[in-house]
Structure formats: structure tokens, C-alpha cells
Amino acid sequence: MYVCYADSGYLRFTYEATDFSPAKAYDYIIIGGGTAGCPLAATLSESYSVLLLERGSSLNKSVLYESNFFQTLLAANDNDSPAQTFISEDGLQIVRARILGGGSMINGGFYSRADDYSYDNAGIEWDMRAVERAYEWVENSIVTHPARLNRFQTSLFNGLLESGVVPDSGFTFDHVQGTKIGGSTFNDSGIRHGAVELLNNANPENLDVLVHAMVDRVIFSTFNPLG
Ligand SMILES: Cc1cc2nc3c(=O)[nH]c(=O)nc-3n(C[C@H](O)[C@H](O)[C@H](O)COP(=O)(O)OP(=O)(O)OC[C@H]3O[C@@H](n4cnc5c(N)ncnc54)[C@H](O)[C@@H]3O)c2cc1C
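Just so we're clear, the structure is a prediction, and the values are computed from it rather than from any experiment. (Residues numbered from 1 in each chain as written. Predicted model: local features only at pLDDT ≥ 70, side-chain atom pairs only at ≥ 80, totals over all residues. Heavy atoms only, no water.)

1. Considering the site of the ligand
Formally: Near is defined per residue: the residue qualifies when any heavy atom it owns lies within 4 Å of the molecule or strand. Pairing of N or O atoms within 3.5 Å defines a polar contact, subject to two protein rules: one partner must be a possible hydrogen donor and the other a possible acceptor, and residues neighboring in sequence count only if both atoms are side-chain atoms. Using a 1.4 Å probe, accessible areas were evaluated by the Shrake-Rupley method; residue-level cover was limited to the displayed protein chains. By the convention adopted, Pro, Cys, Tyr, Trp, Phe, Met, Ile, Leu, Val and Ala count as nonpolar, Lys, Arg, Asp and Glu as charged, and the other residues, Gly among them, as polar.
The local shell around the ligand holds 23 residues, among which Thr35, Ala36, Glu54, Arg55 and Gly103 are the closest. Arginine 55 is positioned such that a nitrogen or oxygen atom in its side chain is 2.8 Å from an oxygen atom of the ligand. With respect to the ligand, the side chain of asparagine 107 contributes an N or O atom lying 3.0 Å from an oxygen atom. Compared with its free state, where it exposes 1,000 Å², the ligand has 61% of that area covered by protein. Across the shell around the ligand, the residue classes break down as 11 nonpolar, nine polar and three charged.

2. Overview of unusual backbone geometry
What counts, and what does not: The way it works is that DSSP assigns letters per residue, a run of H or I at least four long becomes a helix, a run of E at least two long becomes a strand, and they are numbered from the N terminus.
A cis geometry characterises the amide bond from valine 166 onward to proline 167, with omega recorded as 5°. As for its placement among the helices and strands, proline 167 is situated in the loop between helix 5 (151–162) and strand 7 (168–171). A positive phi angle is found at histidine 212, which is not glycine, with a value near 55°. For histidine 212, the position within the fold is in the segment after strand 10 (207–211).

3. Notes on helix 5
An α-helical turn contains 3.6 residues, so a residue and the one three or four places further along point in the same direction. Rule in force here: Expected span of a helix, by definition, is 1.5 Å for each gap between consecutive residues, and there is one gap fewer than residues.
Helix length check: helix 5 (12 residues) gives 16 Å between terminal C-alpha atoms against 16 Å at 1.5 Å per residue, within 8%. In this structure asparagine 150 caps helix 5, since a side-chain oxygen of it lies 3.2 Å from the backbone nitrogen of phenylalanine 152. Glycine 164, located one to two residues past helix 5, shows a positive phi value of around 100°.

4. Points about the nonpolar core
Note the threshold: Residues belong to a common nonpolar core when they are buried Ala, Val, Leu, Ile, Met, Phe, Trp, Tyr or Cys residues joined through side-chain atoms within 4.5 Å. Under the scheme applied here, a residue whose accessible area is under 20% of the maximum for its type counts as buried, over 50% as exposed, and between as partly exposed, the area being computed with a 1.4 Å probe on protein chains only.
If you look at the biggest cluster of nonpolar residues, it comprises 30 residues, and the most contacted ones within it are Ala41, Leu52, Leu100, Leu199, Leu207 and Val209. Among the secondary structure elements, those contributing two or more residues to this core are helix 1 (37–44), strand 3 (50–53), helix 4 (128–142) and strand 10. Counting six residues, the second largest nonpolar core, distinct from the first, contains Phe20, Leu51, Leu53 and Leu210.

5. With respect to helix 1
This is how it is decided: Should any heavy atoms of two residues lie within 4.5 Å, those residues are counted as being in contact.
Of all eight residues in helix 1, six are buried; the element is thus mostly enclosed. Three or more residues of helix 1 are buried, namely Gly37, Cys38, Pro39, Ala41, Ala42 and Leu44. Tucked into the core, helix 1 has its buried residues touching strand 2 (28–31), strand 3, helix 4 and strand 10.

6. A word on the UniProt feature "domain: Glucose-methanol-choline oxidoreductase N-terminal" (unreviewed entry) in the protein
Note the following rule: UniProt positions are given in the numbering used here, feature names are shortened, and annotations may be inferred rather than shown by experiment.
UniProt records the feature "domain: Glucose-methanol-choline oxidoreductase N-terminal" (unreviewed entry) at residues 97–120, using the numbering of this structure. The straight-line gap between the two end C-alpha atoms of residues 97–120 is 29 Å; of that span, 21% is helix and 12% is strand.

This is how it looks when you write it as C-alpha cells:
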């Protein structure tokens, strides 16, 4: 069975924080090697030097299997598990990611593009051609069009239609009204493809990734200690 970590080229520029002496200045330092941090680091590294800091570990093969989804969440603890329990501000006990690839390595894998409302109300003048290219990059790298729905998904799909969430929009990546089949970051063999794989597209000359690198504080200064 193909496991995405078989193609883990990013490990060439991924280091344990304690083994790394960063006597170097970077154009960008990204805190959090998660779902957003990995593609951001890969993209910026095309033209800039980048340091990506992730508090979790780089590799945990068990998260790659769809069948381990609940096991990963149930094993969440305060040490070095890929998922960490915490209590939200409104009092809910929930989990968050602590692994290179972030939430994309522990989540349900459902993939959809954002809705128009989000773009229209973000207060940003989007270059929609760049947005389209970014979606295609991600979709071609880690998203699968599911060949079939499993029993749980079929029940959910039919249940939504029966309760009036219509129309049946079939398969689409777009955010549409009604009930649809979206993409999945699990392939048809139940193997997860997380955001960490997008690091394989980085320029290795320009990117250093540190794991077990917990950022405690950020100090802004005009003084350059490297001279
Ligand atoms: C159980 C579960 C199921 C989900 N299912 C889906 C789904 O099916 N589809 C969907 O679209 N979304 C789903 N989500 C939500 C989705 O995974 C998140 O919205 C998304 O991953 C958030 O991305 P992010 O880059 O903002 O944060 P994250 O991916 O969480 O990345 C943040 C990273 O920063 C690191 N970090 C945090 N603090 C520090 C620090 N001080 N120093 C260094 N590193 C730090 C963390 O370890 C983490 O790796 C699910 C979430 C969960 C928890």
C-alpha cells in the first residue's frame, strides 16, 4: 500500500530544534507548521529564505491511516501526541493538532473550496487567478475525488437530502447550496495526504524546518544581532 511518507523529500531540510544552531538571518520566520504554515513556507521559499517552526514532531505514521482517525483523537495528551486536548474559551473539551502538517494530519479529511461570501467579506482585494492556481496546486497535490462513499458517508448524504438540504449537487470542490460530495485528503485506500506533503514542493536551498520548536514569545527589534 502506498503511504505518503514514502515521498518525504521535506525531511532533507527538517531538523530537531535541539540539533540546530540557527546562526543565520531569514527573510521570513513562520510559527506553526500546520495546514496553512506548510504551503506558506513552500510558496515563500521560491523567492525568499524561510524558517518554519513547529512545536510537534515530523513523523507519526499512525495518523496516515483513516482507520486510526478516532484512535489518534482518543490518544491525545499533554506530552508529544499528534493531537493535544484543550478546553476552549466556551468550556468545550476538544483537540488541536501538534504535528508537522497540523490539523490536516488529524482531521476528517473533508475538502471543499471556500464560499464566495468569505471572499466578498474578507476586506481583501483578491487576485482570483492566483486563488484559482493555489486551489489547483493543493487539489493536484493532496486531494482525491472519492470513487465511492463509505456507509457512514452514504447515510449522511441521504439523511441530509431527506431532511431537505437540497439540491443534490453531486461531486464538486466548490462551496454550493444543498448536499454535495466534496474532495477528500484520504485516498481510496484510506491513506491520508496532509499539508506536510506540500513542503516537498519547496526550494530546499531556501527552507529550514524545525520540529519540537515551541515558540514562547516573539521579540520585535531593529537591532540585528548577526551584525
Ligand atoms: C478532529 C478534527 C477534525 C476536522 N475535520 C475537518 C475536515 O474534515 N475538513 C476541514 O476542512 N477541516 C477539518 N478540521 C479543521 C481543520 O483541520 C483546521 O481548520 C485547520 O487544520 C486549521 O489550519 P491552521 O493552519 O490554521 O492550524 P493548524 O493546522 O492547527 O496548524 C497550527 C500549527 O501550529 C503549531 N503551533 C501552535 N502553537 C505553536 C507554537 N507556540 N510554536 C510552534 N508551533 C506552534 C501546532 O502544533 C500546529 O501544527 C478538523 C479539525 C479537527 C480538530
